[in-house]
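# Results of the structural survey
Here is what each chain is made of, one letter per residue.
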Amino acid sequence: MAKLYLVNHTEALFSSYSLHRRPLDVEGRPIGRMPPHTPASDQIPLMHQCDLMYLRDMGPRPSDAAVAPPEFVRLAAHPLRWQLLSELAGGDYRVRELVERVGEPQNLVSYHLRLLREGGLVTARRSSFDGRDSYYRLELDRCAEALAASGAALHPALRQVPAPPRRPVVRVRSRRVAVLFVCTGNSARSPIAEALLHHHSAGRVTTASAGTSPKPHLHPHAVRVLRESFGIDLSGRRTQHVDDLAGRRFDHVITLCDKAREVCPEFGPRQVHWSMADPGAAGDTGQAGYAAFEHAAADIDTRVRHLMPVLNTPETLARSAP
């Protein structure tokens, strides 16, 4: 009723003063004197402007209220950002590598990576090989949570708890999928990843780990964190050099060290990178140093759990068949 009154009042106002003042167009410019017989329909642009002016402070109508989509939808819906997310789903990359993969200018790629970082879908860490570079990583757990929340925002029936990645189902009589983890010393990151994948797959995946410059023994914190957090015993396990695996082929080769990525030999058709800090770099053998191994083991465990469905894809199984 208030809007109807204001509109009617506006029409009356223009009818009375149309002979005494020059009307304005929608941008506020004079359009010449309006003749007395000008129909009210020709005054719509100016009336609409006044209508908006008088109604601006009355608040939006319920029918006009725009509900913003969830942040995950707004971020992922952009074609370039979706392409970046898709690339990072396969592994960690530097900016220049993403530029090559998506075929867009670096400043544009960096801009959209910043938006993804601000939304918590992507994180970055400084390369341990070249401190001028950063590796970008897709936060899969965060994406799963955001996707579930987006469904719930659309309808309560779509509120679902993200299901954990399912274990691979290896076909009978097919060769088991083989995965190799590589880091520099083969004393922490790569043996932890190997042990966790073997543990989660119940031995149905052939696992191995090696180092480009292996240390004599596993780090004691690596042995401890696997035993205390996952019930896995690696005591007595020895490290090995990548050269010890010469001639073997793996379906997936995963480097966990930025330095090892640069010198890792080619062992198979698919090599990806997980950029992870060395938990033993500080050389602290006390409880503070052990906390770094707890964090690294939890991070690797998340990565391994999300790797499981990838190992179960028909493409992988077909490639692994004898």
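Every value quoted in this text rests on a predicted model; they were computed, and no experiment measured them.

### Some details on the sheet that holds strand E4 (residues 178-183)
With parallel pairing, 4 strands are arranged side by side in an open sheet as E5-E4-E6-E7. On the outer flanks of this sheet lie strand E5 (206-211) and strand E7 (271-273), each paired with one strand and no other. Pairwise comparison of adjacent strand axes, ignoring direction, gives a mean angle of 20° for this sheet. The pairing of E4 with strand E6 (residues 252-255) spans 4 bridges and is classified as parallel. When the sheet's bridge partners are listed, Val 179 is paired in E6 with His 252. Strands in contact with helix H11 (residues 287-311) are E4, E6 and E7; relative to E6, the strand with the most contacts, it is inclined by about 160°.

### With respect to the confidence of the model for the chain
Averaged over every residue, the pLDDT of the chain is 80; the share at 70 or more is 72%. Overall, residues 43-58 carries pLDDT values under 50, and its contacts beyond four positions in sequence, including any with other chains, amount to 24 contacts. pLDDT under 50 marks residues 168-173. Its contacts with residues more than four places away, or in other chains, come to 9 contacts.

### Brief notes about unusual backbone geometry
In this model, Asn 186 sits at a positive phi of 55°, which is unusual for a non-glycine residue. Its place among the elements puts Asn 186 in the loop between E4 and helix H8 (189-200). What makes Asn 186 buried here is its relative accessible area of 0%. Positive phi, normally seen in glycine, also occurs at Ala 202, with a value near 55°. Within the secondary structure layout, Ala 202 lies in the loop between H8 and E5.

### Quick notes on helix H9 (residues 220-230)
By the burial criterion, the buried members of H9 are His 221, Ala 222, Val 223, Val 225, Leu 226 and Phe 230. Gly 231 occupies a position one or two residues after H9 and carries a positive phi of about 70°.

### So, the pairing of E5
Among the 6 residues of E5, 5 are classified as buried, and the element is accordingly described as predominantly covered. Bridge count between E4 and E5: 6 bridges; the pairing is parallel. Looking across to E5, one finds that Val 182 is bridged to Ala 210. Each parallel crossover has a hand, and the one from E4 via H8 to E5 is right-handed.

### With respect to the sheet that holds strand E3 (residues 134-138)
Strand order in this open sheet of 3 strands is E1-E3-E2, and the pairing throughout is antiparallel. Edge positions in the sheet fall to strand E1 (93-94) and strand E2 (122-126), since each has one partner strand and no second. The sheet contact formed by E2 and E3 spans 5 bridges and is antiparallel. Residue pairing in the sheet places Arg 125 in a bridge with Tyr 135 of E3. Packed onto the sheet, helix H4 (residues 79-88) meets E1, E2 and E3 and runs at close to 95° relative to E3.

### Examining the packing of aromatic side chains
The tally for this structure, following the rule as stated, stands at 2 aromatic pairs. Aromatic side chains Phe 250 and Phe 267 sit 6.1 Å apart centroid to centroid with 80° between the ring planes, which places their arrangement in the edge-to-face category. On the criterion of sequence distance, the pair formed by Phe 250 in the loop between H9 and E6 and Phe 267 in the loop between helix H10 (258-263) and E7 is long-range, its members being 17 residues apart. The aromatic ring of Tyr 290 is capped on one face by Arg 224, whose charged end is 3.6 Å from the ring centroid.

Definitions and limits used
Residues numbered from 1 in each chain as written. Predicted model: local features only at pLDDT ≥ 70, side-chain atom pairs only at ≥ 80, totals over all residues. Heavy atoms only, no water. Pairing = 2+ DSSP bridges. Helix = DSSP H or I, 4+ residues; strand = E, 2+ residues; numbered from the N terminus. Axes fitted to C-alpha atoms, helices over the stretch in contact; angles between N-to-C directions. Contact = heavy atoms within 4.5 Å. pLDDT = per-residue confidence, 0-100. Buried < 20%, exposed > 50% of the residue type's maximum accessible area, 1.4 Å probe, protein only. Right-handed = clockwise from strand over helix to strand, strands pointing away. Phe/Tyr/Trp six-rings, centres within 6.5 Å; stacked < 30°, edge-to-face > 60°. Lys NZ or Arg CZ within 6 Å of the ring centre and 35° of its normal.

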